[in-house]
Amino acid sequence: MLAIVAALGALLGAVALPCAPAQAQTTAALPFPPPVQERVSVLNARLGLHPDKTRLVLELTDSVPFTVSVHGSPYRVVVDLPDVSWPGGNTVMAGKGVVARYRFEGRDGGASRLVVETDGPARVVESYLIPPRDGFKPRFVLDIARTTPAQFAASAPVAATTSTASVSREAARPPAKRDPIVPVAAALPPPVPPRAAPVPEKPMVVVDPGHGGVDPGAVGVGGVYEKDITLAMARELKRQLEGSGRYRVRLTRDKDVFIRLRDRVAIAREANADLFLSLHADSIGSANMRGLSIYTLSDRASDREAEMLAAKENRADALAGMDLSSENDLVASILIDLAQRDTMNHSKRFANMALEHLGREVKLIPNKPHRQAGFAVLTAPDMPSALVEMGYLSSPQDVSLLSKSAHREKLGRGMVRTIDAYFKWLTGAQKS
């Protein structure tokens, strides 16, 4: 999928950012705010894991200039800033990925410093400022990746300058001479034998219990709520996946709360999910209809029933005063559209595997158990996704089964086998 997006990006004239070989990097952003302006503040900080790097993002009240440098003994990345306010930022915050921990320090002379300690030798892939846009405040982005001690020691402390006054991400241009202000080389330790390659992270599976809070979902026979059934099943699936030792798992909700549809997708994307599963149990006008089905994304619903069901689920956001149907920016561009097509193919592969494995454990609906619809929670372009309708709450038999822990355990076993088969296939597909 990444290859497809990269190739199209090249055709469209996208500018690839080179990884700067520099140990130190200075970015001249917007000028320092004049004294009469309010002090710039850090509103939020978050870490994100990517396959080849760890990303730290600071959300700011205004744009600021910054200088980034890399140091050893101990290994760390230092971001020098003007006088910035960060309430609670002086507390040491836990890291993830290549980042061991990070903290914020006030400096003499009206300056500030962000210190990012790494778990070994690291390099700055890139650092840049995103100007205010799409309702977001300015954001400082720092991408860090692992490197070997030899490569770390061999890198020369050369400064690089990027202007963010007109665009937020231009290629770095090294100056004619080294920057005498940041003596990174003096802090480098002597070369040591390279350590063993890091163990690849386990796949991240995000499980989404449908509905919740003010949105009960379907109300089944005996007054059972869909939101309670989905949460119980999500917890069981999480227990089994984590118990296997092969996966990391996150739930979009672990209690009875309302979460907007787009926020469910955002939670999964923030976690860099390798697979997103949304659990549901619908109700229709017939007590005779029962069984499990799986939905994947389609631009057009595969049949009228699927179309109506998708429309009902998407309108759930109106309960919180938000209609997601008018905000679908994810499929607005051709790049994202192509990425989504590739992701949809992966999603369909998972759905077919799921029906093969789950069909041995539970009853499937008799007619087209794999269906396609425009569910809002399936629209992420970079994350294989499927919506599992575990049964019909209008069926007394399905209600009875889904209310029993033994049935949920059996259903969970089938899902774990499906997920195992999917990632086994995915690993083979990536190597071929």
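Within an unreviewed UniProt entry, the label attached to the protein reads N-acetylmuramoyl-L-alanine amidase, and the organism entered is Azospirillum brasilense. Comment text from UniProt for the protein, heading Catalytic activity (unreviewed entry), reads "Hydrolyzes the link between N-acetylmuramoyl residues and L-amino acid residues in certain cell-wall glycopeptides."

A. Up close: the overall build of the protein. In terms of helices and strands, the protein carries eight helices and 17 strands. Looking at the 432 residues of the protein, the share that counts as buried comes to 47%. Taking contacts inside the protein between residues at least 6 apart in sequence as the whole, the part at least 24 apart equals 75%. About 20,800 Å² of surface is accessible on the protein, with carbon and sulfur atoms providing 55% of the total.

B. Geometry of the pairing of strand 15 (residues 293-297). Burial of strand 15 is extensive: five of the five residues sit out of reach of the surface. Where strand 15 lies against strand 17 (residues 385-392), three bridges are found, and the strand directions are antiparallel. Its bridge partner lying in strand 17, serine 293 is registered against glutamate 389. As paired strands, strand 15 and strand 16 (residues 370-373) are joined by four bridges and run parallel to one another. When the bridges of strand 16 are listed, threonine 296 appears paired with glutamine 372.

C. How the structure looks around the sheet that holds strand 13 (residues 248-251). Strand order in this open sheet of six strands is 13-12-14-17-15-16, and the pairing throughout is mixed. Strand pairing shows two members of the sheet lacking a second neighbour, strand 13 and strand 16, which therefore form its edges. Geometrically, the sheet is characterised by an average inter-axis angle of 25° between neighbouring strands, direction not taken into account. Strand direction decides the pairing type here: strand 12 (residues 204-209) and strand 13, joined by four bridges, are parallel. Counted as the bridge partner of methionine 204 is arginine 248 from strand 13. Strands in contact with helix 3 (residues 226-244) are strand 12, strand 13, strand 14 (275-282) and strand 17; relative to strand 14, the strand with the most contacts, it is inclined by about 145°.

D. Summary view of the sheet that holds strand 11 (residues 139-146). Spatial ordering of the open sheet is given by 6-2-3-11-10, a layout of five strands whose pairing is mixed. Edge positions in the open sheet fall to strand 6 (84-85) and strand 10 (122-130), since each of these has one partner strand only. Here strand 10 pairs with strand 11 via eight bridges, running antiparallel. Bridging from a neighbouring strand, serine 127 pairs with leucine 142 of strand 11.

E. Structural detail: the nonpolar core. Residues Ile294 and Ile419 are the most contacted members of the largest nonpolar core, which totals 38 residues. Contributions of two or more residues to this core are made by strand 12, helix 3, strand 13, strand 14, helix 6 (334-358), strand 17, helix 7 (396-402) and helix 8 (405-431). No other element matches helix 8, which puts seven residues into this core. Those residues in contact with isoleucine 419 that lie beyond four places of it in its chain are Val205, Leu241, Tyr247, Leu275, Leu277 and Phe350. Ranked by size, the runner-up nonpolar core spans 28 residues in total, among them Val42, Val64, Trp86 and Phe140.

F. Looking closely at the pairing of strand 14. Most of strand 14 sits out of view: eight of its eight residues are buried. One ladder, built from five bridges, connects strand 12 with strand 14; its direction is parallel. Counterpart to aspartate 208 in the pairing with strand 14 is serine 278. Two strands pair when backbone bridges link them, and strand 14 and strand 17 are joined in this way by six bridges, in the parallel orientation. Considered in strand 17, the bridge of leucine 279 is made with valine 388.

Reading guide: rules and limits
- Residue numbers here run from 1 along each chain, matching the order of that chain's written sequence.
- Note on the predicted model: pLDDT of at least 70 is required for a residue's local features to be given, and 80 or more for side-chain atom pairs to be given and counted; whole-chain, interface and lining totals, by contrast, use all residues.
- For side-chain calculations, the full set of non-hydrogen atoms in the structure is used, while hydrogens and water are omitted.
- UniProt positions are given in the numbering used here, feature names are shortened, and annotations may be inferred rather than shown by experiment.
- The secondary structure listing takes helices from DSSP runs of H or I that are at least 4 residues long and strands from runs of E that are at least 2 residues long, numbered from the N terminus.
- Partly exposed residues are those whose accessible area sits between 20% and 50% of the maximum for their type, while under 20% is buried and over 50% is exposed, using a 1.4 Å probe and protein chains only.
- What makes two residues a contact is simply this: any of their non-hydrogen atoms within 4.5 Å.
- Accessible surface area values rest on a Shrake-Rupley calculation with a 1.4 Å probe, where residue burial reflects the displayed protein chains alone.
- For two strands to pair, DSSP has to find at least two bridges joining them.
- Angles shown run from 0 to 180 degrees and are taken between the N-to-C directions of axes, each axis being a line fitted to C-alpha atoms and, for helices, limited to the stretch in contact.
- The term nonpolar core refers to a set of buried residues drawn from Ala, Val, Leu, Ile, Met, Phe, Trp, Tyr and Cys, joined through side-chain atoms within 4.5 Å.

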